[in-house]
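Observations on chain architecture
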Amino acid sequence: MDKMTAKGIKRISSPAEMTRYVVEQKQEGKTVGYVPTMGSLHEGHLSLFKKARENSDCVIASVFVNPTQFGERDDYINYPKNIERDAGLAESAGVDALFIPEESAIYPNGSDITVKVHSKTDVLCGKSRPGHFDGVATVLIKLFNIVKPDTAYFGMKDAQQVAIVTSLVRSFHFPVKLVACPIVREADGLAKSSRNVRLSVEERKEAPELFKGLQAGLRGAKLGETRFDQLIATVKAYYAKHLTLGKIDYVDVLNYPDLRRSGTLLSGRFIIACAVRYQNARLIDNITSDTELFTTVSEADESC
Ligand code: AMP
């Protein structure tokens, strides 16, 4: 059930207990900021916790590896877990309460009722991971109902997720404000990810090329290229030259956040996104048109 760690962060595993805690906080007049995660925390997650800490009186994070958003069983089973480490990091970043439910608590009747996302899923990760965003939307409905946050924080690392969760909140009338936070990167530009630990030494050396390829595409656009296809070709040409171990899953350029192409020429805000498969990890990365090109470690701040 519910216990305090020696260090003070509150750990809650029961959904009913989580809701009671939030209701108490709100009765005291506190605003609640929430960051859903799958754990194996790194600085990307911590940046969301810190943002929530700045903006809210009470910060709640969850660690739940959601089975319904994984296509490959192995990826789910092998997803890195270390709850003691996560609790310490969350506390150090200002989280007040950590929600760590069991699968049976979140899915008490298995997958008897799920939702289907009909829009924005035929591209990028939605195309190569069928059903992934149905799982994401289903679990977020559950988590939002349990945690009832005023504000929820998501990373632009998963830009398609941000776009879909924005639609979810509107479609289901959740009284939640969403804040999209910039991608946190390693010093060499690799986007921080829980899956980076699965890269071999050689793969890790190559992985920063993903971001460099996206930057090459954005540079092309900033220099005046307006054809979607030509920008995709620029990024693919960069990868053809610089990736020897990674296999491209997709490279795409789309308007953001609607994830469509408005005609054949770029107009308005857009995203250049990629997914690359290594032996034991599939990495994703993206860059949006409002990103400063000289910035390699984090993107411009933004909210939606
Ligand atoms: P995950 O634990 O992978 O489900 O991620 C939880 C949240 O952290 C999601 O909103 C992610 O987009 C966000 N996130 C993961 N990696 C990063 C990163 N490198 N920079 C910013 N946010 C991130």
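Here's what I pulled together on the structure shown here. (Residues numbered from 1 in each chain as written. Predicted model: local features only at pLDDT ≥ 70, side-chain atom pairs only at ≥ 80, totals over all residues. Heavy atoms only, no water.)

1. Remarks on the overall build of the protein
The condition that has to hold: Elements are defined by DSSP. Helices are runs of H or I of four residues or more, strands are runs of E of two residues or more, and each kind is numbered from the N terminus. Between the two quantities, the radius of gyration covers C-alpha atoms and the globule rule is 2.2 Å times the number of residues to the power 0.38. Burial here depends on accessible area, computed with a 1.4 Å probe over protein chains only, as a share of the maximum for the residue type. Under 20% is buried, over 50% is exposed, and the range in between is partly exposed. We call two residues in contact when some of their heavy atoms are within 4.5 Å.
Within the protein, the regular secondary structure consists of 11 helices and 11 strands. Over its C-alpha atoms the protein spans a radius of gyration of 19 Å, differing by no more than 12% from the 19 Å that the globule rule assigns to 304 residues. Counting only C-alpha atoms, the protein reaches 55 × 40 × 40 Å along its principal axes. Counting only residues that meet the buried cut, the protein has 56% of its 304 residues in that class. Pairs at least 24 apart in sequence give 72% of the contacts found in the protein among residues at least 6 apart.

2. Thoughts on the environment of threonine 226
Mapped onto the secondary structure, threonine 226 falls in the loop between α10 (209–222) and α11 (228–242). When the C-alpha positions of threonine 226 and serine 267 are compared, they lie 7.9 Å apart, and in sequence the two are 41 residues distant. For threonine 226, the contacting residues outside a window of four places in its chain are Thr264, Leu265 and Leu266.

3. Re the side chain of glutamine 69
Counting through the fold element by element, glutamine 69 comes out in the loop between β4 (58–63) and α3 (73–77). Residues contacting glutamine 69, with those up to four places away along its chain left out, are Met38, Arg129, His132, Gly135, Val136 and Val139.

4. Some words on the pairing of strand β10 (residues 270–277)
We count it as follows: Should DSSP find at least two bridges between two strands, the strands are regarded as paired.
In terms of burial, β10 is a largely internal element, seven of the eight residues being buried. Bridge count for strand β9 (residues 247–255) against β10 is eight bridges, and the pairing is antiparallel. Counted as the bridge partner of valine 251 is cysteine 274 from β10. If you look at the hairpin formed by β10 and strand β11 (residues 282–288), you'll find four residues sitting between the two strands.

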